Structures are given as structure tokens and as C-alpha cells.
Amino acid sequence: QVQLVESGGGLVQPGGSLRLSCAASGTIFNTYVMGWYRQAPGKQREWVASITSGGITEYADSVKGRFTISRDNAKNTVYLQMNSLKPEDTAVYYCKAYGSYRPSYWGQGTQVTVSS
């Protein structure tokens, strides 16, 4: 069983920054791919970024160049640094742990609101 707890969301003005954290417990963290997803009101959940156990990263085109995903395997934590935030980045952000031939796990989500 894997438990994921996100933190770091909040209200920020356009152009501002936030750093989200996702702390994992109950698993061998460094064997999982970790991803960030988001869901805006009335929209489907969408993938934002992911990082493999070896540190290979990928990003959705909508956040490329603005967001950075990273992980600290010693702390069982994955981060999402979000810069140059836009109102369209407003959503609930979720982290996900997944890998081949094993169940995937979701956190409870953290709200990010970008507004002046």
C-alpha cells in the first residue's frame, strides 16, 4: 500500500510561483514513476509532468519551460516547481505513483488558484 500526501497549493497572482510537494510512504519510493496531474472545474484530469526513478522527466506542452518536476528519493518526495503561473493553471493538482505490473496510487490533491 502506498500513501501520497500533497502540499504547497494556494492562491497566487498571475506570473507568480508555487512549489508543490508530494510525500510518499509505505513503499519503495525510488522504484516508482511519479507524476503530477491536474483537474480544473468541469474538465477531465490531465497529465502535467512525470519523472522516472532514474530522473528522466517529461512535460505537457502547456507547462513546458515553466514547470519543473524533481524527486528526492532519500526523502520519498516528489516536487513540482511552478513558475510564471497563468489563470489557466488553476486546478486541483494530484500526484500519482505508478509502475509496470503494479497498482497505481493517487494523493488527495491540493488546490492551486491563480488569480489577481
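Details of the structure are given in the entry above.
Residues numbered from 1 in each chain as written. Predicted model: local features only at pLDDT ≥ 70, side-chain atom pairs only at ≥ 80, totals over all residues. Heavy atoms only, no water.

Participant: Any chance you could explain the side chain of T77 here in plain terms?
Facilitator: With respect to the helices, strands and loops of the structure, T77 is situated in strand β8 (residues 77-82). The class of T77 is buried, set by a relative accessible area of 9%. A polar atom in the side chain of T77 sits 2.8 Å from the backbone oxygen of K75. With near-sequence residues (within four places) excluded, T77 lies in contact with S21, C22, A23, F29, S70, R71 and D72. (Helix = DSSP H or I, 4+ residues; strand = E, 2+ residues; numbered from the N terminus. Buried < 20%, exposed > 50% of the residue type's maximum accessible area, 1.4 Å probe, protein only. Polar contact = N/O pair within 3.5 Å; in protein donor to acceptor, adjacent residues only side chain to side chain. Contact = heavy atoms within 4.5 Å.)

Participant: Sorry if this is basic, but what is going on with the pattern of salt bridges here?
Facilitator: Side chains that differ in charge, positive against negative, can pair when their charged atoms come close. One pass over the full model with this rule turns up 4 salt bridges. Close ionic contact of D89 with R38 constitutes a salt bridge, the shortest N to O distance being 2.9 Å. Highlighted residues: D89 in the loop between β8 and β9 (91-98) and R38 in strand β4 (residues 33-39), separated in sequence by 51 residues. The same class applies to D89 as to R38, namely buried. Residues K64 and D61 are paired through a salt bridge, measuring 3.2 Å at the closest nitrogen-oxygen approach. Judged by relative accessible area, D61 falls into the exposed class, the value being 68%. A single network of salt bridges, built from pairs that share partners, joins R38, E46, R66 and D89. (Salt bridge = Lys/Arg side-chain N within 4 Å of Asp/Glu carboxyl O.)

Participant: Would you explain the environment of S7 in this entry?
Facilitator: Tracing the sequence through the fold places S7 in strand β1 (residues 3-7). C-alpha separation for the pair S7 and C22, spaced 15 residues apart in sequence, amounts to 6.4 Å. With residues up to four places along the chain from it excluded, the contact list for S7 reads R19, L20, S21 and T110.

Participant: For this particular structure, what's the right way to read the pairing of strand β7 (residues 67-72)?
Facilitator: Residues F67, I69 and R71 line the buried face of β7, whereas the alternating positions T68, S70 and D72 sit on a face that is not buried. Across 6 bridges, the pairing between β7 and β8 is antiparallel. The partner of F67 across the bridge, within β8, is M82. (Pairing = 2+ DSSP bridges.)

Participant: How should I be thinking about the environment of K86 in this particular structure?
Facilitator: Topologically, K86 is positioned in the loop between β8 and β9. Take K86: its relative accessible area is 36%, and that puts it in the partly exposed class. Sequence-wise, K86 and S115 are 29 residues apart; in three dimensions their C-alpha atoms are separated by 8.0 Å. Each residue touching K86, except ones within four places of it in the same chain, is listed here: R66 and V114.

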